[in-house]
Amino acid sequence: MLDFTYDRFEEKGTLIVRLPERLTFNLHFFIQMNILIKECLNSDDVNRIIIRSPKFINYAKMTMAYIINTLTYINEQSGKKIYINNDFRMRVKNEVAAKEGKSFNKETDIEKLIKNQGLEYYVFKGKEEITRPVNHISALLAKSMPSFNQDDLKDFINTTIGEIFSNSCNHSNQDNVYFASFVQKEYDNIFLYVSIIDYGRTIANNVRAFLNKKDISSAKCIDWAIKPANTTRAGSGGYGLPTLISYLKATKGELYIFSGEAGYVLLESGSEMTEEIKQGSFPGTSVAFKVRLNKNNFIIKCYADDKKVDSISLNDI
């Protein structure tokens, strides 16, 4: 069973949330988190939330950071008391740490990042603090990907990631941006996981206001937002999400965008979809992606002027 389950005790004002034995950083997990937010925030008769997990759990570290971030948001929004069973609490305490954005100082040595098994997630306040994580991610991705034009690729990624961070500040009408990244070895593969979250105005709210179309669906709003040059911000912009999608398609990565009642998913196979999420709603925008840092049998070609990248199979050269 990979679903979260919920038991209500209305006479005690208690909601018990039971976590499964295994959690993977994938579409199913993000849908479960949307349901968690809905169940906890929409229960007016609940003033206490108890989180329980099995004694032995197999959780991707990014899922633990995401859960703690979400529970913190629920507590801040509702004032409801949240209790976590000791096994899960100790696991989080040993492996996940919350830090202020101004303390961010990560290196880009992949081997050292793999050996550092702890995961930190950061709270960045305003655009002034986001430069260092943007530079960190762009340098890490550029140095791990064979490319015809390494400097152009690094600048391209830097601009792309930078705009996504900037959008979290500019479009959400709030200053806090939550960021986590983690390099993990899985069998012979090495993956980079990245999560960028803001709890503010959703993509749909911004697009509807900009287009002056109140009846457009949340899914269509996301479709509009991921098209090149489309932006609700005055001046330049509109290339953050579209160029990230272009990059992840070229590098066979995965991408999960959730905002309001809709989400966009790009899988390693190249298949993509935008859908309404009936099970829950994300109160802001969550952008998360996963990309392989080794054993890539392709080389990247960056087209900076066109804001896109392509990959060429090494078997074809």
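Before reading on, note that the structure itself is shown above.
Because the structure is a prediction, the values reported are computed rather than measured.

### A word on the sheet that holds strand S2 (residues 14–18)
Part 1: The sheet built from 4 strands is open, its strands ordered S1-S2-S4-S6 with mixed pairing. At either margin of the open sheet sits one strand with a lone partner, and together these are strand S1 (5–9) and strand S6 (81–84). For this sheet, the mean inter-axis angle between neighbouring strands, taken without regard to orientation, is 20°.
Part 2: Strand direction decides the pairing type here: S2 and strand S4 (residues 48–52), joined by 5 bridges, are parallel. By the bridge assignment for S4, Val17 is matched with Ile51.
Part 3: Seen against the sheet, helix H2 (residues 61–78) touches S4 and S6 and runs at an angle of roughly 155° to S6.

### Some details on helix H8 (residues 218–225)
Part 1: Burial runs high along H8: 6 of the 8 residues are buried.
Part 2: Against helix H7 (203–211), helix H9 (240–250), strand S11 (254–260), strand S12 (262–266) and strand S13 (272–276) lie the buried residues of H8.

### Here we look at the packing of aromatic side chains
Part 1: Considering all chains together, one arrives at 20 aromatic pairs under this definition.
Part 2: Here Lys55 stacks its cationic end above the ring of Phe56, 6.0 Å away from the centre of that ring.
Part 3: One cation-aromatic arrangement involves Lys290 over Phe191; the distance from NZ or CZ to the ring centre is 4.4 Å.

### Regarding the nonpolar core
Part 1: Judged by nonpolar contacts, the single largest core of 55 residues is most densely connected at Phe165, Phe179, Val183, Leu192, Tyr247, Leu255 and Phe289.
Part 2: Residues within four places of Phe289 in sequence aside, it is in contact with Phe25, Ile137, Ile161, Leu192, Tyr193, Val194, Leu244, Leu248, Glu254 and Leu255.
Part 3: Core analysis: the next-biggest nonpolar cluster, separate from the first, contains 44 residues, Ile68, Tyr178, Tyr256 and Val265 among them.

So, how was this worked out
Residues numbered from 1 in each chain as written. Predicted model: local features only at pLDDT ≥ 70, side-chain atom pairs only at ≥ 80, totals over all residues. Heavy atoms only, no water. Pairing = 2+ DSSP bridges. Helix = DSSP H or I, 4+ residues; strand = E, 2+ residues; numbered from the N terminus. Axes fitted to C-alpha atoms, helices over the stretch in contact; angles between N-to-C directions. Contact = heavy atoms within 4.5 Å. Buried < 20%, exposed > 50% of the residue type's maximum accessible area, 1.4 Å probe, protein only. Phe/Tyr/Trp six-rings, centres within 6.5 Å; stacked < 30°, edge-to-face > 60°. Lys NZ or Arg CZ within 6 Å of the ring centre and 35° of its normal. Core = buried A, V, L, I, M, F, W, Y, C linked by side-chain atoms within 4.5 Å.

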